[in-house]
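# Coordinates in review
Next come the chains, spelled out residue by residue.
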Protein chains: 2
Amino acid sequence: QQDFTISDQLAVNALRFMSIDMIEAAKSGHPGSPIGMAPMAYVLWEKFLNFNPQDDKWLNRDRFVLSGGHCSALLYSLLHFNGFDVSLTDIKNFRQLGSKTPGHPEYQLTPGVDASTGPLGQGFGMAVGMAMAERHLAVQYNRPGYPLIDHYTYSIVGDGDLMEGVAEEAINLAGKNRLGRLIVLYDSNDVTLDGPLSLSTNENAAARFKAAHWDYQLVEDGTDLNAIAQAIRNAQQTSQPSLIEVKTIIGYNTPDEGTSKVHGSPLGKQNVAITRENYGWPYEPFEYPTTVYQQFAQYTEDKARNYQEWQEMFADYQQEFPTAAQQLTRQGMDIANLSSHHQVGEMVSTRVANAETMQDLAAANPQLWGGSADLFSSNKTALKDNQIFRPANYGGRNIYFGVREFAMAAAVNGINLHGGSTAYCSTFMVFSDYLKSAIRLAALQHLPSVFIFTHDSLAVGEDGPTHEPVEQLAMLRTIPNVQVFRPADANEVVAAWRVIGQTDDRPSVIVASRQNLPVLAETINAAVQRGAYVAADAAGVPDGILLASGSELSLALNAKECLEKDFQVDVRVVSVPSMELFNEQPAAYREEVLPDAVRTRLAVEMANPQPWGQYVGLDGAVIGVDDFGMSGNGAAISAKYGFTVENVVDQFLTILRKG
Amino acid sequence: QQDFTISDQLAVNALRFMSIDMIEAAKSGHPGSPIGMAPMAYVLWEKFLNFNPQDDKWLNRDRFVLSGGHCSALLYSLLHFNGFDVSLTDIKNFRQLGSKTPGHPEYQLTPGVDASTGPLGQGFGMAVGMAMAERHLAVQYNRPGYPLIDHYTYSIVGDGDLMEGVAEEAINLAGKNRLGRLIVLYDSNDVTLDGPLSLSTNENAAARFKAAHWDYQLVEDGTDLNAIAQAIRNAQQTSQPSLIEVKTIIGYNTPDEGTSKVHGSPLGKQNVAITRENYGWPYEPFEYPTTVYQQFAQYTEDKARNYQEWQEMFADYQQEFPTAAQQLTRQGMDIANLSSHHQVGEMVSTRVANAETMQDLAAANPQLWGGSADLFSSNKTALKDNQIFRPANYGGRNIYFGVREFAMAAAVNGINLHGGSTAYCSTFMVFSDYLKSAIRLAALQHLPSVFIFTHDSLAVGEDGPTHEPVEQLAMLRTIPNVQVFRPADANEVVAAWRVIGQTDDRPSVIVASRQNLPVLAETINAAVQRGAYVAADAAGVPDGILLASGSELSLALNAKECLEKDFQVDVRVVSVPSMELFNEQPAAYREEVLPDAVRTRLAVEMANPQPWGQYVGLDGAVIGVDDFGMSGNGAAISAKYGFTVENVVDQFLTILRKG
C-alpha cells in the first residue's frame, strides 16, 4: 500500500528545514531529533491525528504529547503548517522573550500544544493519563449511536524519556490498564546528549514493553512513510497500548548525522548549507514553497470534516441527553453540600475529615475521581460508593496507581489536561518528594490537580525518620502557583475544599494528619480562603502573636490560655492554613491579621521552619523541626521536640522579655 | 542436595516469632512479610552472607540491603541471633523512642544495618551502587593473590519496591553494568498494602528483568530452604546481575495469610495464639530455645573463619602494597592542591570553575569518582584524564548513569555507604526535583555524597520554564543535615570544595551557573566555611546590608557602588554561599556579619525568596523570583525579573526611606 507521494516527501523536508531555520535564527535549540523524527510526525499528524486548528480545545480531538519537549521546533513547524495560530513571525521568534514559540512546548501559551514537556518521562506519563481519561469519559458519556469520546492518544518519546523512572512506571500503569487507544512512537536513534546510547543503556525495548503487556512493532527505516503508516494502522487495531519503535538517524543527512553533535546545538551555517544540498532543498531560510502549504491543507480539510460531524453528533446528544452533556462541559465543582461532620470537641484526624469531605464532594460531582499510590487504606481517599477503574470497568472512579507516585501524579496531570473530569491523587506526605516535579508541572500548566498528602509530621511516630515528613511542607510552599493547605481540624478541611472546588487554574495540595485532632470552636468560620486569620484574639492590643498551622493550632490556643491565666500575657492566635493565599491578600488585610507594630511573634509548626521567617521577622522565633525525627510514640516525639504548651509558653515569654 | 535439618527449620521459625513478638509488644509494625520472607533471609544470612558481628564495617563483608525497610523486625531478629550488638532488650524496645530498633532500619544507629531503608525502591538503588563500588574497588585494589575486594551484594525486595521508578532505573543501571555479584531476592507474595497485587500491576517480572539482561530464576516454594540455597548458588555463578523470584505467602500460617490484612498491623493476641499452634511453637513471647541460638552460632563460626583469613591477607597486603592499602582505608580528601584557575576580572561560569576544581581534586584523590545523568557535556563533571566505568573497565571513574537521576543518586549513596571511595553525581539544577528523596536519604544516613547541579537559575534562558530552577534552592536548603553551596565565582567554588573535601558526615550540594560570572576581588579570601561573610563593608556604620549568593553577588557589589556614588548611601555586602553553615556559626559571628541593629536589609537571589525571610526580617525585602520564568535570552530574562543594578538600588532606597 503506497499512501504517499513526492509532495509528502517535500512536506516532510519542509518540517525539517523550518526546524533548522528557526534553530539557526535563535542560535539555540535541538535540531537533530526534529530532522530524524519529521517523517513519523508527518505521517501521524497528517494521516491520523484528528484535530481542528480553529478549536484546539475540542474535547474529542486526538491528543498528541511530544514527550521530548526539546524537539519543540518540530512541533511548532507542525502547528504552523497545519493552520494553528502559529505564524511565520512566531516561528522566526523561536526561543525569544515573550514569543509563542518558547524553548520547550508550553500548554496554554501556544495553540495546539496539548502538554508542557521537557522534563523527560513526564510527557509519557501525562499521555497515559490522557488515555485513562478517554476510557473513563467514554464509559461515562457515550451512548448507543453516540460515540462521543473515542479519540486516540499519541505520544512521541525518545531514548532519554524511556530511561526515566516515571516513564517506566507509566509503561506499567498503561499496560495494567490495557489502554488500547494509547499509541506511542519511539524515536529510536541510539544517541543521547552524551553520546551513543550504548554508553548508558542496553535495555531491550521490545522485551521491556512486552513484559508490561504492550503491543510492540518495529519500523526499521524511520524515513519509510508507508511503513510508519502501516504500523500506526496496526496499532489502532490492538486492545493493548502500542509501542512503535521507529529506527531513525539523529540529524539525518546532516554532516554529523548519527552523533550527539547534532543533539543540542544549531547546525551552523556551513553544515546547514551542506544539509540543504543533501536534501536538494533550494529555498532560503524561512522560505517554504506554496505547494507545501497546499499539501498540508489537503489533510486539514479531511480533519475539518471529522470535526464537523462530531459537532453535529454532539448537538443531537445535547438534545437527547441534556444532563450528561451539561455534566461533561461543566466548569468548577458544586461545593454547596460541604459541611463538617463533627461537633466542637470531637477528636478526628484531618485525614479522616478529609475523607468525609471528599465523599460529599464526590457525591455532588461525578467528574471527580482519583486514587492512591497503594495507600488507599492509609490515605482514606477511596470514594466509598464507587468502583475500581480497570479494563472491565473504566467507569470506576478509584484508581489503583500502584506504588508509582511519580507516574500517578503525571497521569493525574494528564487527566486534568484532557478535560471533562477532575482528578486527584494521594500518598504519604514524606513521599511527596517522589512526585514533586509533577506538582511543578501541574502548576506550570495551571492545572487543577489535587494532591492529598496524609501522615504530615513527626507525629507519624513509630515508622520513624524515613516516614516522618519534616522539610516537605516548606518544599511544597515554594513551588510557584500552588495552593498548599494544612488544615487545623475538620472545619478547616471543609473550608479548604470549598476553595479547591472553586479553583480551576492551579494545583492544590492538602496536607493532613494521621493522628486525631480536636475540632475547634475557633475554626467554625475559618477564613481559609484568605490563607490566614485571627482564630482567637487578645482582649486588648496583643502583647504578641502565636502563629500555627494544622495540628499545632490547638497547641497554640492552649498556650494562649496558659499565657493569659498564668502570666497575664494577652496574645492573639493566628491560624495559617495556606501561606500562598495569605500572601495574595491585600496589604490591609495582612496588616489587620499581623500588625506590623506587634513584633513579639512565635510560630509553631512541626516542620522545617524556613517558611516562617517572612512572618516572625528578626525579633520573633519559630518552634519547628530541624532534623529528621525519630521512631517512637507520636505524642512522645512531639513532646521531645518541644511541641508542648509549656515549651510554647516558655519560648513566647523569652521573646517577649527580650523585646 | 539436602543442606538443611529440622534445626534450621526451628531457627527459621524463631525469626518469625521474634518478629511477631516484637511487633505485638510495640503494638505497631509489619508482620506479614517477615513471616513469609524468613526462610529466604535465613538461607541467605546463614549459608551465604559473609560478615563479622564484631566488625560490622568490615570492608569486604557481603552487603545486605533490606529494600522493604518496613520488614525491619526480620532484620533485627537476624542481627540478634547472629550475634550483632542487638540484645533481647533492644528487641523488646522495638519502635520505642531512643531504641536501637526503630520502625525502619537506620544505618549507623543499629550495628549490622548496611543501609537505611523504607522509602521504597531506594534500597534496591543503593544495593546497585554497592555492587558498583565492589567492582570498582576490586579493579583498583586487588592484586595477584590478593582478592581483597570480592564480596557479593544481596538485597531482598518486594512487590512494592519493584513498582517504583527508581527501582526500574536501577534494574537497567545494573543490567547495563553487568553487575554479576549483585543478587536480588524478590519476595513475591502478590499482595500489597491495598490488597491483591493484581489491583495495581500485571507486569511479568521474569520478562522485565531479562529485558535488562539480568539472570532470572524462580523459586516456586518460598519455604523450600534447599531450593532457595540452590538458586543463590546458581546466581553466584552468573556474570549477570541475578534476580531470584521467590514465591511466598504473606503472613504464612497465620489466620489471614495471603491477604493485605497481615501487612501493616500486629496480628493481635488471638491470631498470634493460632499462629503458634499452626507452627507448633510452644514458647512464650520473647522466649527462644537455646538450640536456636546454637544453630545460628554454628554458622557464625564459619563466617568468623572467613573474616580471619581476610584479615591475614590484608595484613600481608599492607606489607606488600602499603600505598594502596593506605589509600583504601584513608579518611577524607586531600585538598592541598586546590586553588583558583582565574584572575580577578576574568569571566568564567561556576560550572566551569567547578569542573576545574574537580579535576584538581580528582588528581590528588583517586578515591573520587562519579558521573552524570546524561549531562556530562553540560555539567562538565567528567574527570578528564579518566575513563568510563563499564564492564570492560570497572576501574574507570566516569559513570554514565543515563537519564536516570533518581537511581543515580541512590547508587551514589550506595557507593558511599560501601566505603573505600567517595562518589558524586550531577544533573541540571531543575532536575534535582527528580532525585530529592535520595539527597534526603544521604542526609539521614550521614553520607558524604556530593550532588552537583548546574544551570542554576532563570539565566538558563532559552530553554524556558521547564528548565529554569526557581524553587529548588529553597527546597535543598530545607533538607536537614545537608550543606548547600551556591558559590558566587571561581574563588568561592574552590573554597566550597575545601569544605566538602573535609566533610565526611553529611551530603553536600554544589549549585553552579551556566552563564559566565566575573571573578571577584572580594571573594579571594571568601569565608565559605562560615557560610556567609562580609564581602565588601561600608565605610562606617552601614546604612543597610545587601545580601546575595551566586550570580547575584557581583550585582550586589555593583549596586553598592552605585548607592555610594550616586546616593551617598553606605552599605555592606554580605555573600551567603551556604545558609546552613552560617546558621551553625556562633551567635557572635552571626551578629558580626548581620548586626541586629541594622534592619535595612535587601537580599538578592534569582530564586524563590522563602529562605531569606530569616535574614531580612519584617523591615527588609527580597528581590527573588515567584513564578516559573520564561524562555528567552538569559540576560534579558534577568533584567525583566529585576536583577539589575537600577532595580536593586531602587528597592534598597525604598526600604531605607521606609525605615
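Position labels on residues start from 1 in each chain and follow its written sequence. Starting at A for chains and at 1 for ligands, labels are handed out in the order in which the entities are written. The predicted origin of the model limits local features to residues at a pLDDT of at least 70 and limits the giving and counting of side-chain atom pairs to 80 or more, whereas totals for whole chains, interfaces and linings rest on all residues. Side-chain calculation: all heavy atoms of the structure are included, whereas hydrogens and water are not.

Turning our eyes to something else, we now look at the sheet that holds strand β10 (residues 398–400) of chain B. Residue and element names in this part refer to chain B. In this scheme, strands are said to pair when DSSP sees at least two bridges between them. The helix and strand labels rest on DSSP assignments: H or I over at least four residues marks a helix, E over at least two residues marks a strand, and numbering proceeds from the N terminus. Pairing is parallel in the open sheet, where six strands are placed in the order β10-β9-β11-β12-β14-β13. The open sheet is flanked by β10 and β13 (483–485), the only strands paired with a single partner. Sheet twist, expressed as the average angle between the axes of neighbouring strands with direction ignored, equals 20 degrees. Any two residues whose heavy atoms approach within 4.5 Å are treated as being in contact. Note on method: axes are straight lines fitted to C-alpha atoms, helices fitted across the in-contact stretch only, with angles between N-to-C directions ranging 0 to 180 degrees. Against the sheet, helix α16 (residues 432–444) touches β11 (422–428) and β12 (450–454), its axis set at about 160 degrees to β12.

What follows is about the relation of the copies chain A and chain B. The relation between the two chain copies is a rotation about an axis coupled with a shift along that axis. When chain A is fitted to chain B, the residual RMSD is 0.0 Å, and the transformation amounts to a turn of 180 degrees plus an axial shift of 0.0 Å. Here the transformation between the copies is reduced to the relation of a two-fold axis. In superposing the copies, a least-squares fit is computed on C-alpha atoms, taking residues whose pLDDT is at least 70 in both.

Let us look at the interface of chain A and chain B. Taken residue by residue, the interface counts 102 residues in chain A and 102 residues in chain B. The term buried area denotes the loss of accessible surface (1.4 Å probe radius) that occurs when two parts are joined, taken as the sum for both partners. Approximately 8200 Å² of surface area, both sides summed, lies buried where chain A meets chain B, with 56% of it carried by carbon and sulfur atoms. Should a side-chain nitrogen of Lys or Arg be within 4 Å of a carboxyl oxygen of Asp or Glu, the pair is scored as a salt bridge. Remark: the boundary between chain A and chain B carries 14 salt bridges. Across the salt bridge formed by Lys-436 of chain A and Glu-471 of chain B, the nearest N and O atoms sit 2.7 Å from each other. Think of a polar contact as two N or O atoms within 3.5 Å of one another; within protein, one of them needs to be a possible hydrogen donor and the other a possible acceptor, and neighboring residues in sequence only count if both atoms come from side chains. The interface formed by chain A and chain B holds 61 residue pairs in polar contact (both at pLDDT 80 or more) in total. When residues in the side of chain A that touches chain B are grouped by element, the largest group, eight residues, is from helix α16 (residues 432–444) of chain A. Throughout, the ten residues Ala, Val, Leu, Ile, Met, Phe, Trp, Tyr, Cys and Pro are labelled nonpolar, Asp, Glu, Lys and Arg are labelled charged, and all others, Gly among them, are labelled polar. Looking at the side of chain A that touches chain B residue by residue, the class counts come to 38 nonpolar, 37 polar and 27 charged.

Turning to the domain arrangement of chain A, a few remarks are in order. Residues and elements named next belong to chain A. Domain start and stop points were drawn from an automatic or database domain assignment. For chain A, the domain assignment lists domain 1 (6–306), domain 2 (347–522) and domain 3 (530–658). Distance between the C-alpha centres of domain 1 and domain 2: 32 Å. Each partner contributes to the interface: domain 1 provides 31 residues, whereas domain 2 provides 31 residues. Summing both partners gives a buried area of about 2700 Å² for domain 1 against domain 2, and 66% of it is carried by carbon and sulfur. At the boundary of domain 1 and domain 2, one finds zero salt bridges. Here domain 1 and domain 2 share 10 residue pairs in polar contact (both at pLDDT 80 or more) between them. Taken together, the elements giving at least two residues each to the side of domain 1 that touches domain 2 come down to α5 (122–141) and α7 (165–176).

Once that is clear, we can look at the sheet that holds strand β14 (residues 508–512) of chain A. Strands pair in a sheet through their backbones, by hydrogen bonds, and they do so in one of two ways: parallel or antiparallel. All names here are of chain A. Read across the open sheet, the six strands follow the order β10-β9-β11-β12-β14-β13; overall the sheet is parallel. Lying at the two open borders of the sheet, with one neighbouring strand each, are β10 (398–400) and β13 (483–485). For this sheet the average axis-to-axis angle between neighbouring strands, irrespective of direction, equals 20 degrees. Strand direction decides the pairing type here: strand β9 (residues 368–372) and β10, joined by three bridges, are parallel. Counted as the bridge partner of Gly-371 is Ile-399 from β10. The strands touched by α16 are β11 (422–428) and β12 (450–454); relative to β12, the strand with the most contacts, the crossing angle is about 160 degrees.

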